[in-house]
Amino acid sequence: MLIPLTREKFEQLIPLIATGSQYKYSWGKPRDVILRLLISAGIPLLLYLLHFALPDFDGLISVLGIIAGLYVLWGPIFWSSLKNAECRRYKYSGFWRGEVLDAYVSDEVVGKQLTTNKRGELMVVEDRQKQLNLEVGDETGFSTGLQVPLRREYKGIRRGQIAEMMVMSNRPDLSRISKVSDIFIPDLDLWVSDYPYLRRDEFADISRELQPAPERESEPRRGKRYSQEDAAPRRRPRTTQEDW
């Protein structure tokens, strides 16, 4: 099921300024906070040294120094708002309801670090993390995937459960889906996401207002009525739910 949303509702679901949950996400890990603290301390110091060379701009330099010094606080708002703006550049959106087609766990490389061994040789150490791979689709044949860090509450996800999300497109008929939001599993009252794009209270209200999705058809899916440009390819499970 795909129902177009008004622009007003779209902008309510993805606001221009970061929400509290988005700010919390973008606050990051301790190393991210330390990096922002270094920037908040380093830039004002550079500006202080610069004012000796440009004494006529003391006022402007002081204002910039204060703004830079507070970067540790406003940085998460800035980066989250950029993510929101990336979504809001799409002209059209819709409420999508389908079902879970597959859910499995994989072990993925999420980063690499250079280190040295006992002999002083450089080595690349991979930072691996378990990821949930969730594929959802509907009766039209449309499907897309989402990969997020594994969390304990995802263990209850099963094939056939209702899945809902917001889709974004530059076509009025939503015939080509360019981006999707986080995924809501209403049976579990559970959100599957990395970055929380949506205002979840607003989306839950829409979900309750709409009628339940029809029962699945026993006939095989045929064709596609719309597609997603960046849909994740289907992969064979490498870790089953029993191993979560």
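Given the structure is predicted, the values throughout are model-derived calculations rather than measurements.

*Asks:* What exactly am I supposed to notice about the overall build of the protein here?
*Replies:* Regarding its fold elements, the protein presents six helices and 10 strands. When burial is assessed residue by residue, the protein has 39% of its 244 residues classed as buried. Sequence separation of 24 or more characterises 71% of the internal contacts of the protein that already satisfy a separation of 6 or more. Within the structure as shown, the protein displays about 15000 Å² of accessible surface, and the carbon and sulfur contribution to it stands at 55%.

*Asks:* Would you mind showing me how to read the pattern of salt bridges here?
*Replies:* Between side chains of opposite charge, a pair can form as their charged atoms come close. In total, this model carries nine salt bridges according to the counting rule given. For Arg199, the salt bridge identified is with Glu202, shortest N-O distance 3.8 Å. Residue Glu202 is classed as buried on the basis of its relative accessible area of 18%. Among the salt bridges present, the one from Arg208 reaches Asp205, with a minimum N-O distance of 2.3 Å. Remark: Asp205 and Arg208 occur in helix α6 (residues 200–209); sequence separation between them is three residues, near one turn of the helix. A cluster of three or more residues bridged by salt bridges with shared partners is formed by Lys9, Arg199, Asp201 and Glu202.

*Asks:* Honestly, the packing of aromatic side chains in this entry has me stumped. Any pointers?
*Replies:* How two aromatic rings sit relative to each other is given by the distance of their centres and the angle of their planes. Considering all chains together, one arrives at 11 aromatic pairs under this definition. Where Trp191 meets Phe203, the ring centres are 5.5 Å apart and the plane angle is 65°; that geometry is what we call edge-to-face. Of this pair, Trp191 sits in strand β9 (residues 190–192) while Phe203 sits in helix α6, placing them 12 residues apart in sequence. The same class applies to Trp191 as to Phe203, namely buried. Ring pairs connect the aromatic residues Tyr71, Trp74, Phe78 and Trp79, which therefore count as one cluster. Over the face of the ring belonging to Trp27 we find Arg36, whose NZ or CZ atom lies 4.6 Å from the ring centre. Looking at Lys83, its charged tip hangs above the ring of Tyr195, at a distance of 5.2 Å from the centre.

*Asks:* What should I look at first to understand the side chain of Ser193 in this one?
*Replies:* Turning to its location among the elements, Ser193 is positioned in the loop between β9 and α6. Among the polar contacts made by the side chain of Ser193, one reaches the side chain of Arg200 at a distance of 2.7 Å.

*Asks:* Would you mind showing me how to read the layout of surface pockets here?
*Replies:* Estimates place the volume of the largest pocket at around 940 Å³. The wall of the largest pocket is formed by 28 residues, among which Tyr25, Gly28, Lys29, Asp32 and Asp194 lie closest to the centre. Those elements that provide at least two residues to the lining of the largest pocket are α2 (20–27), α3 (30–53), α5 (71–88), β2 (92–116) and β3 (122–137). Of the residues forming the lining of the largest pocket, the biggest block, five residues, is contributed by α3.

*Asks:* Mind showing me how you'd approach the nonpolar core here?
*Replies:* A general tendency of soluble globular proteins is for nonpolar side chains to be buried together. Ranked by internal contacts, the top residues of the largest apolar core, which has 20 residues, are Leu134, Ile157, Met165, Ile183 and Val192. Apart from residues lying up to four places away in sequence, Met165 is in contact with Gly94, Phe95, Trp96, Val136, Phe142, Thr144, Val180, Ser181, Asp182, Ile183 and Phe203. In this structure, Leu5, Met166, Trp191 and Phe203 belong to the second largest nonpolar core, which totals 16 residues.

About the criteria used
Residues numbered from 1 in each chain as written. Predicted model: local features only at pLDDT ≥ 70, side-chain atom pairs only at ≥ 80, totals over all residues. Heavy atoms only, no water. Helix = DSSP H or I, 4+ residues; strand = E, 2+ residues; numbered from the N terminus. Buried < 20%, exposed > 50% of the residue type's maximum accessible area, 1.4 Å probe, protein only. Contact = heavy atoms within 4.5 Å. Areas by Shrake-Rupley, 256 points an atom, 1.4 Å probe, with all protein chains shown as cover. Salt bridge = Lys/Arg side-chain N within 4 Å of Asp/Glu carboxyl O. Phe/Tyr/Trp six-rings, centres within 6.5 Å; stacked < 30°, edge-to-face > 60°. Lys NZ or Arg CZ within 6 Å of the ring centre and 35° of its normal. Polar contact = N/O pair within 3.5 Å; in protein donor to acceptor, adjacent residues only side chain to side chain. 1 Å grid on protein atoms, 1.4 Å probe; cavity = no way out; pocket = protein on both sides within 12 Å on 5 of 7 lines; lining within 4 Å. Points joined across faces, edges and corners; volume = space filled by probe spheres on them. Core = buried A, V, L, I, M, F, W, Y, C linked by side-chain atoms within 4.5 Å.

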